[in-house]
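What follows is each chain in one-letter form.
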Amino acid sequence: MSIRVTQDGRLFHLQTKDSTYQMYADEKNILLHTYYGKKIGEENLADTIFFADVGFSGFPQEAQGDRTYSLDCLPQELPSSGVGDYRDGCIWLRHADGSMAADFRYAGYEIRHGAYRIPGMPALFDNEEESCETLVITMKEAASDVTVLLYYGVFERENVITRALRVENRGKTEVVLGECLSCCLDFQFGEYDLITFNGRHAMERMPERSRVGRMKLEVGSMRGTSSHQHNPAVILCETQATEDFGDCYGLCFVYSGNFIASAQMDQRGQTRVRMGIHPNQFSFCLKPGEAFDAPQVILSFSDGGLTKLSGQYHKILREHMCRGKYRRERRPVLINNWEATYFDFDEEKLLKIARQAAELGIEMLVLDDGWFGRREDDNSGLGDWIVNEKKLGGSLGSLAKKIHDMGMKFGLWFEPEMISEDSDLYRAHPDWAMQIPGRQPNRGRNQLVLDMGREDVREYLLERMTDILSHAPIDYVKWDANRSLCDIYSHVNRESGEVYHRYMLGVYDLLERLLERFPDILLEGCSGGGGRFDAAMLYYSPQIWCSDNTDAINRLSIQYGTSFFYPVSAVGAHVSAVPNHQTGRATSFRTRGHVALSGSFGYELDLNQVTEEEKETVKEQIREFHKYYELTHEGTYYRLSGPEGRFCAWEFVDEEKAHALLTLVMVSAEGNPLPVHTAVKGLDPAVRYRCSYNGAVHSGSGWMNGGLTLRNVPAEYESLLVEWEAVKE
Ligand code: DGJ
């Protein structure tokens, strides 16, 4: 049993393999957060709380004059707001009398077998062989009939605890939810850093590490998508933590819309970390009997540094978030026509690319943007999901069949959430687009956003996509979204504070219904590359186009940052042409392949334009992709160096520790070079391994302590793969 509660129903232990999370409902019914960290026994650690009379931090009525008992200082699971905890909280309520206060008290608990679900939203699931338990704690608002249910899911083997909450209006009057974050974690002691993952279009998820102090650290998105700019996943770690050492806490938000994540020390040096839906332009009106569900946060703790933490996230997301047959089934090596043709293609061009691809062993052709409506560039056609048979020289079914006849699968691009003003759909339904009456809307890529909160919009999209997907043999769908949201207004959901969230619920609803109809289709998420690379999208699409930037050297940084939370199996990575379309840089075909092999592998160029030698390299790369698939897609991942040094290296080790693969890319060259010496990790110290680079046989301990020195320093941008095989003696 991973959830233990004392007989008096007041002390809660959530036990995972290596961690313990402890809460204690004290005699005043404040739910104290007493511990989260390395696994401990079941002793009550509430005595670690330091009570002191802190000036200007008042006390609640139950304290009966005890000036040392202050909501402003106590570590809590669900902080109050407006009644004496002056730190950032989670929930703001506006009551019918106009007052704004939320003050929660413990009122009971329930333990359920299995993982909890969240209505209309993704969440980690368990499967039959696995055990997950759920603790539901009831918190009652002190002066109204609002109840909050706190959900804790314990995935024992995976070292994961999930949190989510539900606000219920059990009263007779309306209540407005002014802010509703999913998770608050209070740390009484310790000095921490916060690692966030930030960037921009085509340069996503660059890690930034900052010391948590009294000045608030906060990242978030107000773009309606989780965004290229900030990723909804952060790490709080001891200031000395490294890849292999130190306490690290991950918070990963299962949500693809606006989010906030913050960390701040309070006046007494305690650290509060929060995560949830961004309060900007958020408010939800709860009529009597209504409830609001806040999305899930996946927490994980590692006492062994960042690598262990990442491994825990990779596993839980791969096994308990990704669904469908491609959770386990090998992903096809694909070729996408986007960078090969952009909008300028016809059937002949596509078939030529496909023929060459099939000959070299590529397994799927993906037809990207431009196959529908009047879409010759990015100014028109979005929303008109009708095949442009003139451009394709026939039906989509006939094109897809020709591709299948070449022995390849066929994939298709959609951008369901968007609408061009120059489209039949817009001319028929201008009110389906998000725009505020009387204002000129902001255009992004010259397009508007559909109001996905509307049932009729979703019905239209479902009908159009169903029609297309059932009239052609389509194996894969790339689901794109190429702008951020603004001009928030819905003609049907007038409460603008609800529109962002209803938009997201609408997207999830459409994705779910589409997958119900086409369960075997492989979905690849995309939002101008990695603008919606988050745990929630993985529930629908087990792979996500990681970035529009396909430059192998920039990809080192992008894939490095992505690896802190997301498994390699989720990372769409392609070999593209040089000079690279985004950076103008030329790297060798081999290096581009080595970098893309650490992802859901594919090509994004016209293979008729490459040399014969490069074609041979394609064949070799596909062999390598299959040879190393188990390692790269299911093995343990080690970041051996950051991308900002002379070289960047990473490694995969299989579960049995019998086989390891290291990739090294030389990032910059210098005269009279110093040696390239890389760490080797994850081997069994007692087992002997042969290294493919120099044929040497050492014990795992020898390799891991001695490392690997390259005989020759590779030239700038050159790369190599090195394998270790356990030697049977
Ligand atoms: C942005 C995507 O990231 C690209 O791969 C491509 O699909 C374009 N959109 C098409 O418009």
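A word on the domain arrangement of the protein
Here the domain parsing of the protein yields domain 1 (3–320), domain 2 (329–633) and domain 3 (641–726). Roughly 1,700 Å² is buried in total at the junction of domain 2 and domain 3, and carbon and sulfur atoms are behind 69% of that figure. Three residues, L556, H594 and L631, lead the burial of domain 2 against domain 3; their summed loss comes to 36% of the area buried on that side. Our enumeration of links across domain 2 and domain 3 arrives at one salt bridge. Inspection of the region where domain 2 meets domain 3 yields eight residue pairs in polar contact (both at pLDDT 80 or more). Elements supplying a minimum of two residues to the side of domain 2 that touches domain 3: α10 (552–562), α11 (589–596), α12 (612–627) and α13 (629–634). Tallied by class, residues from the side of domain 2 that touches domain 3 come to nine nonpolar, seven polar and four charged.

What to know about the site of the ligand
As a matter of local geometry, the ligand sits amid 13 residues, with D368, D369, K478, D480 and D548 nearest to it. At 3.1 Å, a side-chain N or O of W413 approaches an oxygen atom of the ligand. Measuring from a nitrogen atom of the ligand, one finds a side-chain N or O atom of D480 at 2.7 Å. When isolated, the ligand has an accessible area of 290 Å², and the protein chains bury 98% of it.

Some words on the pairing of strand β26 (residues 522–525)
Judged by which residues are buried, β26 turns out to be covered on both faces: L522 and E524 on one side and L523 and G525 on the other are all buried. For strand β25 (residues 476–479) and β26, the ladder comprises four bridges, and the chain directions are parallel. Paired with W479 across the strands is G525, a residue of β26. You can see the chain leave β25, run along helix α8 (residues 496–517) and come back into β26, and the turn it takes is right-handed. With two bridges connecting them, β26 and strand β27 (residues 543–545) associate as parallel partners. Residue pairing for β27: E524 is matched across the bridge by Q543.

As for the nonpolar core
Grouped together as the largest cluster of nonpolar side chains are 202 residues, with contacts concentrated most on I91 and Y603. For this core, the leading source of residues is α8, giving 10 residues. Within the second largest apolar cluster, 22 residues are counted, among which are A649, M666, V676 and W724.

What about the side chain of S221?
Among the secondary structure elements, S221 is positioned in strand β13 (residues 217–221). The class of S221 is buried, set by a relative accessible area of 2%. Looking at S221, its side chain comes within polar contact range of the main-chain nitrogen of R223, at 3.2 Å. In this structure S221 touches S226, S227, N258, F259 and H278, once residues within four positions along its chain are discounted.

Overview of the sheet that holds strand β37 (residues 719–726)
Within the open sheet, the six strands sit side by side as β30-β31-β32-β37-β34-β35. Their pairing is antiparallel. The two strands at the open ends of the sheet, each matched to only one other strand, are β30 (636–639) and β35 (697–699). Neighbour to neighbour, the strand axes of the sheet diverge by 25° on average, direction disregarded. Of the pairings in the sheet, the one linking β30 to strand β31 (residues 647–653) comprises four bridges and is antiparallel in character. Bridged to Y637 within β31 is F652.

Some points on the pattern of salt bridges
Per the stated rule, a full pass over the model turns up 61 salt bridges. The partner of R170 in a salt bridge is E168, with the nearest N and O atoms 2.8 Å apart. For E512, the salt bridge is made with R323, and the minimal N-O distance between the two is 3.1 Å. Of the two residues, E512 is situated in helix α8 and R323 in the loop between α1 (305–320) and β20 (334–336); the sequence distance between them amounts to 189 residues. The exposure class assigned to R323 is partly exposed, which follows from its relative accessible area of 23%. Connected through salt bridges with shared partners, the residues K17, D18, K38, D303 and K308 form a single ionic network.

Comments concerning the packing of aromatic side chains
All chains considered together, the criterion is met by 40 aromatic pairs. Between the aromatic rings of F51 and Y69, the centroid separation amounts to 6.2 Å while the plane-to-plane angle is 10°, which identifies the pairing as stacked. With F51 in the loop between β4 (31–38) and β5 (91–94) and Y69 in the loop between β4 and β5, this pair connects stretches of sequence that are 18 residues apart. You can call F51 partly exposed: its relative accessible area is 36%. For Y69, a relative accessible area of 3% gives the class buried. Look at Y539 and Y540: their rings are 5.2 Å apart centre to centre, the planes differ by 90°, and that puts the pair in the edge-to-face class. In this structure an aromatic cluster arises from ring pairing among Y21, Y36, Y152, F187, Y192, Y249 and F301.

Let's talk about the packing of helix α3 (residues 347–360) against helix α5 (residues 396–405)
Put simply, α3 and α5 touch, their axes get as near as 10 Å, and they point 20° apart. Regarding the angle of α3 to α5, the classification is roughly parallel. At the point where α3 passes α5, the crossing takes the right-handed sense. Residues E347, L350, L351 and A354 of α3 form the contact with α5, whose own contacting residues are S398, L399, K402 and I403. Its residues placed into classes, the contact of α3 with α5 shows five nonpolar, one polar and two charged.

Description of the sheet that holds strand β19 (residues 291–302)
Across the sheet, nine strands lie side by side as β6-β7-β8-β9-β19-β15-β14-β11-β12; this open sheet has antiparallel pairing. Only two strands of the sheet have a single partner each, and these edge strands are β6 (104–113) and β12 (203–211). Strand-to-strand twist across the sheet, computed as the mean angle between neighbouring axes with direction ignored, equals 20°. α10 contacts β11 (192–200) and β12 of the sheet and is inclined by roughly 60° relative to β12.

Some words on the packing of α10 against α11
In contact at an axis separation of 10 Å, α10 and α11 are set at 15° when each is read in the N-to-C sense. One element, α10, and the other, α11, form an angle in the roughly parallel class. Here the hand of the crossing between α10 and α11 comes out left-handed. In this structure, α10 contributes A552, R555, L556 and Q559 to the contact, and α11 contributes T591, R592 and V595. Looking at side-chain class alone, the contact of α10 with α11 contains three nonpolar, two polar and two charged residues.

Definitions and cut-offs
- Sequence order sets the numbering: in each chain, residues are counted from 1 along the sequence as written.
- Given that this is a predicted model, residues contribute local features only at a pLDDT of at least 70 and side-chain atom pairs are listed and counted only at 80 or more, while totals for whole chains, interfaces and linings are drawn from all residues.
- In computing side-chain values, all of the structure's heavy atoms are included and hydrogens and water are not.
- By convention here, the domain bounds are inherited from an automatic or database domain assignment.
- Summed over both partners, the accessible area (1.4 Å probe) lost when two parts come together is defined as the buried area.
- Think of a salt bridge as a Lys or Arg side-chain nitrogen and an Asp or Glu carboxyl oxygen that are within 4 Å of each other.
- Under this definition, polar contacts are N or O atom pairs within 3.5 Å; protein pairs additionally need one hydrogen-donor-capable and one acceptor-capable atom, and for neighbouring residues in sequence, both atoms have to be side-chain atoms.
- Helix and strand definitions here come from DSSP, where helices need a minimum of 4 consecutive H or I residues and strands a minimum of 2 consecutive E residues; each element is numbered from the N-terminal end.
- Each residue is assigned to one class: nonpolar for Ala, Val, Leu, Ile, Met, Phe, Trp, Tyr, Cys and Pro, charged for Asp, Glu, Lys and Arg, and polar for all the others, Gly among them.
- Proximity criterion: a residue is near a molecule or strand once any of its heavy atoms comes within 4 Å of it.
- Per-residue and other accessible areas were derived by the Shrake-Rupley procedure at a 1.4 Å probe size, with only the shown protein chains allowed to occlude residues.
- Residue exposure (1.4 Å probe, protein chains only): buried if accessible area is under 20% of the type maximum, exposed if over 50%, otherwise partly exposed.
- Strand pairing is assigned whenever DSSP identifies at least 2 bridges connecting the two strands.
- A clockwise course of the path from the first strand over the helix to the second, judged with the strands pointing away from the viewer, identifies a crossover as right-handed.
- Among buried residues, those of type Ala, Val, Leu, Ile, Met, Phe, Trp, Tyr and Cys that are joined through side-chain atoms within 4.5 Å constitute a nonpolar core.
- Any two residues whose heavy atoms approach within 4.5 Å are treated as being in contact.
- Axis definition: a line fit to C-alpha positions, over the contact stretch in the case of helices; interaxial angles, taken between N-to-C directions, run 0 to 180 degrees.
- Ring pairs shown here join Phe, Tyr and Trp side chains whose ring centres sit within 6.5 Å, with only the six-membered ring taken for Trp; geometry is labelled stacked below 30 degrees between planes, edge-to-face above 60, and tilted in between.
- Any angle that falls under 35 degrees is termed roughly parallel, while one over 145 is termed roughly antiparallel, one within 65 to 115 roughly perpendicular, and all others oblique.
- Note on convention: the crossing is left-handed when the near helix lies turned anticlockwise from the far helix by less than a right angle, right-handed when the turn is clockwise.

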